[in-house]
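Chains, contacts and geometry: an overview
Spelled out from the first residue to the last, the chains are:
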Amino acid sequence: MLGLRPMTEDDLPAVAAWLVLPHVARWWTPDTTAEEEIAKYRRRVSPQERPATSMLMVTWDGDCIGWCQWYRWADFPAEVTAIDARNGEIGIDYAIGDPDWIGRGACTMLIAALLAEARGHHPGAGILTAPNAANIASRRVLEKNGFEPVAVRPVATEPGDAPLAIYRLPASPLP
């Protein structure tokens, strides 16, 4: 069964190993390095920090198969403007690192679990995310989870100029 748990320093070697695999590196490190990503994650999982980004490990029956994160767009003002985030929206990013889990529906379940996690902290919040426009598999899992495409364009705050596919899941009414 798929689960999410907080990422710790002990998880970083697994994430580092996944970041250099072709199916991950293509999307996560085209304009950076695995080392730079791990340094960023190390700060985010440090007990001394109070990061704006919640880092999580994706598990299947206790075994780590990927990672994900969520954050409030409002904590990143430059990005809010660049991506046209709405007030109260949350951003998400995700990856299935273990190649044995690619194409088996795990990422579709991951997105559903990540939405539940983020909305558990911010009930009813809208979600805005932007995978690389060429990442058709990522776009499909978003659509399977009810996201709708908003635009395909470069985003000024991103390190590269590749077009991103901006997707939105509208805010849900509170009970």
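The coordinates are above.
Read on for an overview of the structure. Residue numbers here run from 1 along each chain, matching the order of that chain's written sequence. With pLDDT at 70 or above as the cut-off, local features in this predicted model cover only qualifying residues; side-chain atom pairs require 80 or more to be listed or tallied, and sums for whole chains, interfaces and linings still use all residues. Heavy atoms throughout the structure, all of them, feed into the side-chain values; hydrogens and water do not.

Only runs of H or I of at least four residues qualify as helices and only runs of E of at least two qualify as strands under DSSP, and these elements are numbered from the N terminus. Considering the arrangement of structural elements, one finds Ser 138 in helix 6 (residues 136–144). The cut-offs for exposure are 20% and 50% of the maximum accessible area for each residue type, with area from a 1.4 Å probe on protein chains only; residues under the lower value are buried, those over the upper are exposed, and the others partly exposed. Assessed through its relative accessible area of 7%, Ser 138 is described here as buried. Here a polar contact means two N or O atoms within 3.5 Å. Within protein one must be a hydrogen donor candidate and the other an acceptor candidate, and residues neighboring in sequence count only if both atoms are side-chain atoms. Polar contacts involving the side chain of Ser 138 include one to the side chain of Tyr 94, which spans 2.5 Å. Beyond its immediate chain neighbours, meaning those up to four positions away, Ser 138 contacts Tyr 94 and Pro 131. Note on contacts: a residue pair is in contact if any heavy atoms of the two residues lie within 4.5 Å.

What follows covers the state of the cysteines. Any two cysteine sulfur atoms lying within 2.5 Å of each other are counted as a disulfide. Taken as a whole, this structure holds zero disulfides when the rule is applied. Unpaired in this structure, Cys 68 has its nearest cysteine sulfur neighbour in Cys 107, at a distance of 9.1 Å. Looking at Cys 68, the relative accessible area reads 0%, which means it is buried. By relative accessible area, Cys 107 is classed as buried at 16%.

Attention shifts here to the packing of helix 5 (residues 106–121) against helix 6. Orientation of helix 5 relative to helix 6, taken along the N-to-C sense of each, is 50 degrees, at an axis distance of 9 Å. Regarding the angle of helix 5 to helix 6, the classification is oblique. As helix 5 runs across helix 6, the sense of the crossing is right-handed. On the side of helix 5, the interface is formed by Cys 107, Thr 108 and Ile 111, while helix 6 contributes Val 141, Leu 142 and Lys 144. Tallied by class, residues from the contact of helix 5 with helix 6 come to four nonpolar, one polar and one charged. For every element, the axis is a line fit to its C-alpha atoms; helices are fit only across the contacting stretch, and the angle between N-to-C directions ranges from 0 to 180 degrees. Small angles under 35 degrees read as roughly parallel and large ones over 145 as roughly antiparallel, with 65 to 115 read as roughly perpendicular and the rest as oblique. Less than a right angle of anticlockwise turn of the near helix away from the far helix marks a crossing as left-handed, whereas a clockwise turn marks it as right-handed. Here the term charged refers only to Asp, Glu, Lys and Arg, the term nonpolar to Ala, Val, Leu, Ile, Met, Phe, Trp, Tyr, Cys and Pro, and the term polar to all other amino acids, Gly among them.

Turning our eyes to something else, we now look at helix 6. Within the sequence span of helix 6, burial applies to Ser 138, Arg 139, Val 141 and Leu 142. Angular distribution of buried residues about the axis of helix 6 spans 160 degrees; they occupy a single face of the element. Residues Arg 140 and Lys 144 are exposed on helix 6 and point more than 90 degrees away from its buried face. Positive backbone phi, at 90 degrees, marks Gly 146, one or two positions downstream of helix 6. As used here, the arc is the angular range of directions from the helix axis to the C-beta atoms.

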